[in-house]
Amino acid sequence: MFLKSSFTTLVVGVFVVYVAHTCWVMYGIVYTVPCEPPSGAGCITPFLAGNPELQMSIYTALRPNAEGGHTLIHKEEIFNINEKFERTVNVSLPKKTRNNGTLYALVFVHQAGVTPWQDPQEVHLVAHLTAYMVPKPPEISLISREDQSEDVTEEARQTKQRKEEEAKRGVSEQPVSHWRSRLTLNIVGDHFVFDKEHVPNDVRRYLRAFQNGKKLVYLPLLFVDELSNRVKDLLEINSTSRVLPLTISYDAISLGRLRFWIHMQDAVYSLQQFGFTEKDADEIKGIFTDTNLYFLALTFFVAAFHLLFDFLAFKNDISFWKEKKSMVGMSSKAVLWRCFSTIIIFLYLFDEQTSLLVLIPAGIGSVIEVWKVKKALKIQVLWKGGKPTFLFGKLDESERRTEEYDTQAMKYLSYLLYPLCLGGALYALIFLRYKSWYSWLINSLVNGVYAFGFLFMLPQLFVNYKLKSVAHLPWKAFMYKAFNTFIDDVFAFIITMPTSHRLACFRDDAVFLIYLYQRWLYPVDKTRVNEYGISYDDDPKRKSHKD
């Protein structure tokens with residue numbers, strides 16, 4: 001009793017410490033100690049405070065140091081630091097870049113009217129305009145077997161045919177050069193005065209200062225936003241890609257946001273160094289670029305509580321099934337469905353090459369659901385001569401009655417479920433495009449799971465109704481899962497989404513409300529002696545779980 005209580009308390013305590021530590025770290029990132037007084041000898045004042053006339057010039061080069069030539073692609077002559085703009089320019093690609101090479105952008109902010117190389121007080125950064133990634137396989141209609149893409153050149157058709165032949169021979173795809181069609185730039189618009197002794201390390205790498213009389217002045221803090229480079233914006237480069245569009249976006253940024261962005265960019269870069277693919281990194285980028293920072297902070301706290309509830313639900317669910325000896329009142333069909341759906345979702349995530357951050361927990365969840373099926377069906381595995389033998393336990397009279405109710409519920413449910421799933425699969429087969437038959441099968445199954453999975457919660461409701469009891473359900477795990485579902489649904493309602501998707505998010509809550517109604521309708525008789533000769537008040541397991 002003491003150990004179990006202490007373990008839960010320890011987990012909650014670690015969670016509280018983690019949240020408090022994260023808040024302190026985030027505060028340290030967005031808050032910078034200013035120099036007091038601003039005119040002191042140990043202060044670094046901003047160059048922008050003098051309202052200089054500046055110009056932004058962007059060049060392309062085959063090398064990051066501009067050796068071997070550079071080409072001017074855009075010049076913002078009337079450049080106001082606090083005015084955002086977006087320009088689209090056409091960039092001519094050198095032959096080396098078209099032949100699976102690289103290309104860099106050299107971004108300069110310098111004095112207006114002169115070239116960057118004539119201004120000793122210019123600031124510049126180098127950005128990649130190309131990225132290497134395995135090209136996306138062609139999508140075909142499984143009925144017509146014809147490529148559905150439009151405006152495909154003859155050379156592109158030949159390239160696709162060559163790739164298909166290589167795939168048949170087992171030749172693995174090699175990463176090829178892709179064009180980054182967006183370049184996002186920022187400059188800190190705050191006239192912040194730094195304390196020379198307390199310049200943050202993340203800002204120090206972007207800080208370039210010079211002596212102006214007795215004052216130490218720092219030049220504009222120029223920043224290239226790599227988090228805005230998304231996979232969806234990448235264009236594959238081939239020998240026919242002589243000119244490609246580049247969208248140049250600029251906006252002023254606060255010092256706190258700059259520091260936060262630097263830390264997030266470094267985190268994504270570190271993940272890539274540890275083997276995360278471009279697609280994995282892109283999913284993480286989307287968390288920051290597609291969400292408002294204040295909403296992102298709220299999302300962090302919600303995700304933290306979501307993780308805590310997940311752990312508590314996992315702990316109580318495992319404890320419940322570990323001690324489960326009888327399936328009286330439990331829908332074995334629902335347990336089988338949860339196992340099947342979890343495995344299908346895992347295979348779908350694996351086929352889509354989802355991030356390991358999502359794939360690994362899904363795999364662990366699949367293993368747990370398989371274990372629960374083993375417990376529910378009373379399966380014993382015996383190894384004889386290196387071959388497994390499966391033995392199924394026998395059901396008693398009460399369990400057989402529950403099984404009859406469960407089978408009856410599934411019979412009624414099949415009248416609705418099978419036509420819907422079959423219709424969705426045929427629609428996907430005829431009108432949608434997939435890489436292979438396996439992808440079509442997995443996508444059809446997972447769409448059925450997402451769209452109609454909540455229906456498999458209904459057999460348990462039917463069993464509860466027939467038995468007029470809910471005492472056999474793991475209510476603690478139910479409550480924690482319900483909290484997580486409610487959190488997910490609230491966020492689905494806040495974020496801009498189609499009405500149909502919002503309604504789909506709330507359907508699980510509706511079913512859970514029926515569970516709560518049944519719990520109120522069929523209260524537990526604490527004085528009744530069960531089939532094991534033990535009453536609720538005398539249950540030693542319940543007493544051992546008291547705090």
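On a predicted model such as this, the values are computed, not experimentally measured, just so you know.

Some details on the pattern of salt bridges
So, step 1. For the coordinates displayed, the defined rule picks out eight salt bridges.
So, step 2. A salt bridge links Arg-180 to Glu-226, with the shortest nitrogen-to-oxygen separation between them at 3.2 Å. With Arg-180 in strand E8 (residues 176–180) and Glu-226 in the loop between strand E13 (222–224) and strand E14 (234–236), the pair connects residues that are 46 residues apart, well separated along the chain.
So, step 3. The class of Glu-226 is partly exposed, set by a relative accessible area of 22%.
So, step 4. The shortest N-O distance in the salt bridge between Glu-369 and Lys-372 comes to 3.5 Å. Of the two residues, Glu-369 and Lys-372 are both situated in helix H9 (residues 356–376); the distance of three residues between them amounts to about one turn of the helix.
So, step 5. According to the relative accessible area criterion, Lys-372 is buried, its value standing at 1%.

As for the environment of Leu-441
So, step 1. Its place among the elements puts Leu-441 in helix H11 (residues 437–452).
So, step 2. Here the alpha-carbon distance between Leu-441 and Tyr-348, two residues 93 residues apart in the chain, equals 9.6 Å.

Points about helix H12 (residues 458–467)
So, step 1. Taken as a whole, H12 has its buried residues at Pro-459, Gln-460, Leu-461, Phe-462, Val-463 and Asn-464.
So, step 2. In the stretch just after H12, Lys-468 is the one whose phi turns positive, near 55 degrees.

Some points on the packing of aromatic side chains
So, step 1. Evaluated as defined, the whole model comprises 14 aromatic pairs.
So, step 2. Between Phe-192 and Phe-194, the aromatic rings sit 5.0 Å apart at their centres with planes inclined by 65 degrees, giving edge-to-face as the arrangement. Each member of the pair, Phe-192 as well as Phe-194, carries the same accessibility label: buried.
So, step 3. Between Tyr-206 and Phe-223, the aromatic rings sit 5.8 Å apart at their centres with planes inclined by 70 degrees, giving edge-to-face as the arrangement. Taken together, the positions of Tyr-206 in the loop between helix H4 (201–204) and strand E11 (209–212) and Phe-223 in strand E13 put the pair 17 residues apart, joining distant regions of the chain.

What about the pairing of strand E9 (residues 182–188)?
Along any regular strand, the residues point their side chains to alternate faces of the sheet.
So, step 1. Counting buried residues in E9 gives six out of seven residues, a clear majority hidden from the surface.
So, step 2. Across seven bridges, E9 lies against strand E15 (residues 243–253) in parallel orientation. Paired with Ile-187 across the bridge in E15 is Ala-252.
So, step 3. As defined by bridge partners, E9 adjoins E13 across three bridges and the pair is classed as antiparallel. By the bridge assignment, Asn-186 is partnered in E13 with Phe-223.

What about the sheet that holds E11?
Hydrogen bonds along the backbone pair up the strands of a sheet, which may run parallel or antiparallel.
So, step 1. In space, the four strands of this open sheet follow the order E10-E1-E12-E11, with mixed pairing throughout. Looking along the sheet, the strands with just one partner apiece sit at the ends: strand E10 (194–195) and E11.
So, step 2. Bridge analysis of strand E1 (residues 43–46) against E10 gives two bridges, and the strand direction is antiparallel. The partner of Ile-44 across the bridge, within E10, is Phe-194.

Remarks on helix H8 (residues 332–351)
So, step 1. For H8, which comprises 20 residues, the first-to-last C-alpha distance of 29 Å matches the rise-based estimate of 28 Å (1.5 Å per residue) to within 8%.
So, step 2. For H8, the full list of buried residues reads Ser-332, Ala-334, Val-335, Trp-337, Cys-339, Ser-341, Ile-344, Leu-349 and Asp-351.

Rules behind the numbers
Residues numbered from 1 in each chain as written. Predicted model: local features only at pLDDT ≥ 70, side-chain atom pairs only at ≥ 80, totals over all residues. Heavy atoms only, no water. Salt bridge = Lys/Arg side-chain N within 4 Å of Asp/Glu carboxyl O. Helix = DSSP H or I, 4+ residues; strand = E, 2+ residues; numbered from the N terminus. Buried < 20%, exposed > 50% of the residue type's maximum accessible area, 1.4 Å probe, protein only. Phe/Tyr/Trp six-rings, centres within 6.5 Å; stacked < 30°, edge-to-face > 60°. Pairing = 2+ DSSP bridges. Expected span 1.5 Å × (residues − 1).

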